[in-house]
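# Commentary on secondary and tertiary structure
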Amino acid sequence: MAVQPIRIFGDPVLRTPAQPVEDFDKELRNLVKDLHQTMLEAPGAGLAAPQIGVGLRVFVWHVDGESGHLVNPGLDLSDELQEGEEGCLSLPGLAFDTSRALKVVATGFNEYGDPVRIEGTEYLARALQHENDHLDGVLFIDRLDREQRKLALKAIREAQWSGEPAPAVKVSPHPTFGRAL
Ligand code: NI
């Protein structure tokens, strides 16, 4: 159990759909611990397994002082939308206005294989959608409107970490104030 290096944009693992968890074993519980520790150390508000190089459908979050994790999640989204800034620990220092569903009902399993159901609104809903996207190889910059996406691609080109294979050093401090996902 340890803090793991966070994979940065450009790493193919971030674009690879993750596989469902089949064994709810000690290895899975160690993965959940690593995700929590790495997220809190970053600090961030959420982290998905592919972001530490593990291609399994698992993510964690820490929003409004509460932590949680979900294995093999499925999301049900409200039609009502929210607007707001979003960032990602795999795109250090960047934050852009991203439209998301206002409410989410997430179902899945805990680390012991018990079924769980999480209801989230506002930032928790945003975090659940962002992390679930990571499991499909989708990044928040894919969700931006045309104008924001243009700005994001420019910021990526200009970022210190851009074009480096797997930089070990994260950009800090960044403007997401620990709210990156
Ligand atoms: Ni992210």
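Residues numbered from 1 in each chain as written. Predicted model: local features only at pLDDT ≥ 70, side-chain atom pairs only at ≥ 80, totals over all residues. Heavy atoms only, no water.

Another aspect to go through is the overall build of the protein. Scanning the protein from N- to C-terminus turns up 3 helices and 9 strands. Along the protein, from the amino end to the carboxyl end, the secondary structure elements read α-β-β-β-β-β-β-β-β-β-α-α. Here the protein has a C-alpha radius of gyration of 15 Å; the compact-globule value for 181 residues is 16 Å, and the two agree. In the protein, buried positions account for 49% of the 181 residues. With 18 positive and 28 negative side-chain charges, the protein shows a separation of 4 Å between the mean positions of the two kinds. (Helix = DSSP H or I, 4+ residues; strand = E, 2+ residues; numbered from the N terminus. Rg over C-alpha atoms; globule rule 2.2 N^0.38 Å. Buried < 20%, exposed > 50% of the residue type's maximum accessible area, 1.4 Å probe, protein only. Lys, Arg positive; Asp, Glu negative; His and termini not counted. Charge placed at Lys NZ, Arg CZ, Asp CG, Glu CD.)

Before going further, it helps to spend a moment on the coordination of the nickel ion. Protein coordination at the nickel ion comes from C88 (SG), H130 (NE2), H134 (NE2) and L181 (O), with a distance range of 1.9 to 2.3 Å. In this structure, the nickel ion is surrounded by 4 donor atoms whose angles at the metal cover 93 to 140 degrees, and the resulting shape is irregular. Considered as a linear motif, the donors of the nickel ion on their single chain read C-x41-H-x3-H-x46-L. Of this pair, C88 sits in the loop between β5 (85-87) and β6 (95-97) while H130 sits in helix α2 (residues 122-135), and the two are 42 residues apart along the sequence. Of the two residues examined, C88 and H130, each falls in the buried class. (Donors = N, O, S within 2.8 Å, 3.2 Å for Na, K, Ca; no water. Tetrahedral: all angles 85-135°; square planar, octahedral: opposite > 155°, others 65-115°.)

Let's shift gears to the sheet that holds strand β1 (residues 46-48). Strand order in the open sheet formed by 5 strands is β1-β2-β3-β8-β9, and the pairing between neighbours is antiparallel. Two strands close off the open sheet at either side, each with one partner strand: β1 and β9 (115-121). The sheet shows a mean angle of 40 degrees between the axes of neighbouring strands, taken without regard to direction. In the sheet, strand β3 (residues 66-77) pairs with strand β8 (residues 103-109) via 5 bridges, with the strands oriented antiparallel. (Pairing = 2+ DSSP bridges. Axes fitted to C-alpha atoms, helices over the stretch in contact; angles between N-to-C directions.)

Take the pairing of β8 next. The alternating pattern of β8 places V104, A106 and G108 on a buried face and K103, V105, T107 and F109 on a face that is not buried. Pairing of β8 with β9, which is carried by 7 bridges, proceeds in the antiparallel orientation. Paired with F109 across the strands is P115, a residue of β9. Connecting the antiparallel pair β8 and β9 is a turn made up of 5 residues, with G113 showing a positive phi of about 90 degrees.

By the element assignment, H69 lies in strand β3. Judged by relative accessible area, which is 16%, H69 ranks as buried. Polar side-chain contacts of H69 include one of 2.8 Å to the backbone nitrogen of E111. Ignoring any residue separated from it by four or fewer positions in sequence, one finds H69 in contact with V32, H36, F59, V60, W61, N110 and E111. (Polar contact = N/O pair within 3.5 Å; in protein donor to acceptor, adjacent residues only side chain to side chain. Contact = heavy atoms within 4.5 Å.)

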